[in-house]
Structure formats: structure tokens, C-alpha cells
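What follows is the residue order along each chain.
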Amino acid sequence: MEIKKLIGEFMDANVFVLIKDDSVLIIDAGAKIEDVKNAVGNAKVQAVLLTHGHFDHCYYANVYAKEFNCPIYMHKAGKEIASDPQKNYGETFYIDNFNNFKYFDRDCVLNLKPFNVEVITTAGHSPCSVCYKIENQLFAGDTLFSNGIGRTDLIGSDKPAMIASLDKLSKVSFETAYSGHGDESDYARQTRNINLFKRFLLR
Ligand SMILES: [Zn+2]
């Protein structure tokens, strides 16, 4: 699996284009369509996977869905966030058309051939936050960063839920965490992060 990283238009949110056997998954939707088209090339996009409903991660989701004729997957709780500029922090941005969306509301496996996607729900930063584990790589959204964890002081944030999500992630093995902003980090670094920041939250 090849992983291409694009920097989104807002808040430098990352977009990851995963390519395997001429098929593609797109994680998050903050990068301009031209950049995504260049990264995808002639491969077939199976789906857009959103890590959560904040505007910097879902801004162009419907643009991608239309261009590539593919579904958008998101946690069910994300609809309320993405459709409300106050809750998604997009000032005037909101999604008003959810025809292309498919939802999950718990941990599950999405079989998007040739990709097997483990959905790990990780509420805390937002109620709709999830991590996607694909081929031993973790796409962590705004839950884990290379130098910390996601903010828990936003509308929809939940500190106890974040603590539970960190506990959950501490039992998940992976090679590299690809975060919603900033750099990648390895499992050892994230194990230290999770333990350190969990203690901050518990204070
Ligand atoms: Zn966010």
C-alpha cells in the first residue's frame, strides 16, 4: 500500500491518499480537488473516509464524492457536527447534502476491496472522532498527534470519553500513526504520548 500525504487548505489538515492494486481510499477531505486528482491518477477511488466532522477535515468531501463517484464514510454523530458551522468551526461552512454519506456508529470493519478498514471509534476531541486502522497503519485524525493528543475543550469535546479512547488505543498495535495535522509518529512514541496525556486529563 502506497500512502501519499497532501496538506489541506485549512489549518494544514492532512489528507492521505492510499493506493493499492489500482484502488484508492482518501482519508479526510481538506485538500483541493486538483491536488487529490493528481495523487489519485487513474486509480479507482473506493471511498472517502472522514476522521471526524470538523470543517478542516470534511470541507471538500462532497466535491471528492462527485468527482470520483464514491461514498463518504463518517461516524453517525458527525452529521450534526458537519451540518452546523458552530459545531464544525467552519464559520460559514456546513454540509447540507448527505446523499453520498454512509454511517457507522460503533467499531466495525469496512470491506472496501482491496482495503480492509478497521473502524475504531475514539470520541473525545469530538463525538464523531474515529481512527481507521488499515494494514497496520493507524489514521488517527485529531485524536493522536506526534507531539500530543487532540483538544478536548471544543464544542462536542468530552474529556472522560477521550480518556476512554486513549485506553482503547493503548491496546491497539500499529506501525505508524498518521495524524490529522503534522507529522507521522511511531508506535513507541504514541505509547508514551497516550500515557503522558492521559495523566494530564485525569488531573
Ligand atoms: Zn478536529
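Keep in mind that this is a model prediction, so the values were computed, not measured.

**Observations concerning the overall build of the protein chain**
- In terms of regular secondary structure, the protein chain is built from seven helices and 14 strands.
- Taking 17 Å as the expected radius of gyration for a compact globule of 203 residues, we find that the protein chain reaches 16 Å, a close match to that expectation.
- Taken along the three principal axes of its C-alpha coordinates, the protein chain extends 50 × 35 × 30 Å.
- A separation of at least 24 residues holds for 58% of the contacts in the protein chain among residues at least 6 apart in sequence.

**Some thoughts on the nonpolar core**
- Formed by 53 residues in total, the largest nonpolar core has its most connected members in Ile 26, Ala 29 and Val 48.
- Setting aside residues up to four positions removed in sequence, Ile 26 forms contacts with Val 15, Val 17, Val 36, Val 45, Val 48 and Tyr 64.

**Description of the pairing of strand β2 (residues 14-20)**
- In terms of burial, β2 is largely enclosed, as five of its seven residues are buried.
- Here strand β1 (residues 2-7) runs beside β2; their pairing, made up of six bridges, is antiparallel. Each residue of the ladder has a partner; that of Ile 7, found in β2, is Asn 14.
- Here β1 folds back onto β2 in antiparallel fashion, the turn holding six residues, of which Met 11 has a positive phi close to 55°.
- Relative to strand β3 (residues 23-27), β2 is paired through five bridges, and the arrangement is antiparallel. Its bridge partner being in β3, Lys 20 is matched across the sheet by Ser 23.
- Hairpin connection from β2 to β3: two residues lie between these consecutive antiparallel strands, with Asp 21 at a positive phi of about 50°.

**Observations concerning helix α7 (residues 187-202)**
- Compared with the 22 Å implied by 1.5 Å per residue over 16 residues, the 22 Å span of α7 between its first and last C-alpha is a close match.
- Those residues of α7 that sit buried are Gln 190, Asn 193 and Ile 194. When α7 is viewed along its axis, its buried side chains cluster within an angular range of 100° and face the same direction. Turned more than 90 degrees from where α7 packs its buried face, Ala 188, Arg 192, Asn 195, Leu 196, Arg 199 and Leu 202 sit exposed.
- The inward-facing, buried residues of α7 contact β11 (144-145), β12 (148-149), α6 (159-169), β13 (176-179) and β14 (185-186).

**Focus: the sheet that holds strand β10 (residues 137-141)**
- The six strands lie next to each other as β7-β8-β9-β10-β13-β14, forming an open sheet whose pairing is mixed. The open sheet is flanked by β7 (108-112) and β14, the only strands paired with a single partner.
- The sheet contact formed by strand β9 (residues 130-134) and β10 spans three bridges and is antiparallel. Counterpart to Lys 133 in the pairing with β10 is Leu 138.

**Overview of the sheet that holds β2**
- Reading across the sheet, the six strands line up as β1-β2-β3-β4-β5-β6 and stay open at both edges, with mixed pairing between neighbours. Each end of this open sheet is capped by a strand with a single partner; those strands are β1 and β6 (101-104). On average, each strand axis in the sheet is tilted by 25° relative to the strand beside it, whichever way the strands run.
- As paired strands, strand β5 (residues 72-75) and β6 are joined by four bridges and run parallel to one another. In the sheet register, Met 74 faces β6, and the bridge partner there is Tyr 103.
- Along the sheet, helix α3 (residues 61-68) makes contact with β3, β4 (44-49) and β5, crossing β4 at roughly 160°.

Criteria and thresholds
- Residues numbered from 1 in each chain as written.
- Predicted model: local features only at pLDDT ≥ 70, side-chain atom pairs only at ≥ 80, totals over all residues.
- Helix = DSSP H or I, 4+ residues; strand = E, 2+ residues; numbered from the N terminus.
- Rg over C-alpha atoms; globule rule 2.2 N^0.38 Å.
- Contact = placed C-beta atoms within 7 Å.
- Core = buried A, V, L, I, M, F, W, Y, C linked by C-beta atoms within 7 Å.
- Buried ≥ 20, exposed ≤ 12 C-beta atoms within 10 Å, placed from the backbone.
- Pairing = 2+ DSSP bridges.
- Expected span 1.5 Å × (residues − 1).
- Arc of directions from axis to C-beta.
- Axes fitted to C-alpha atoms, helices over the stretch in contact; angles between N-to-C directions.

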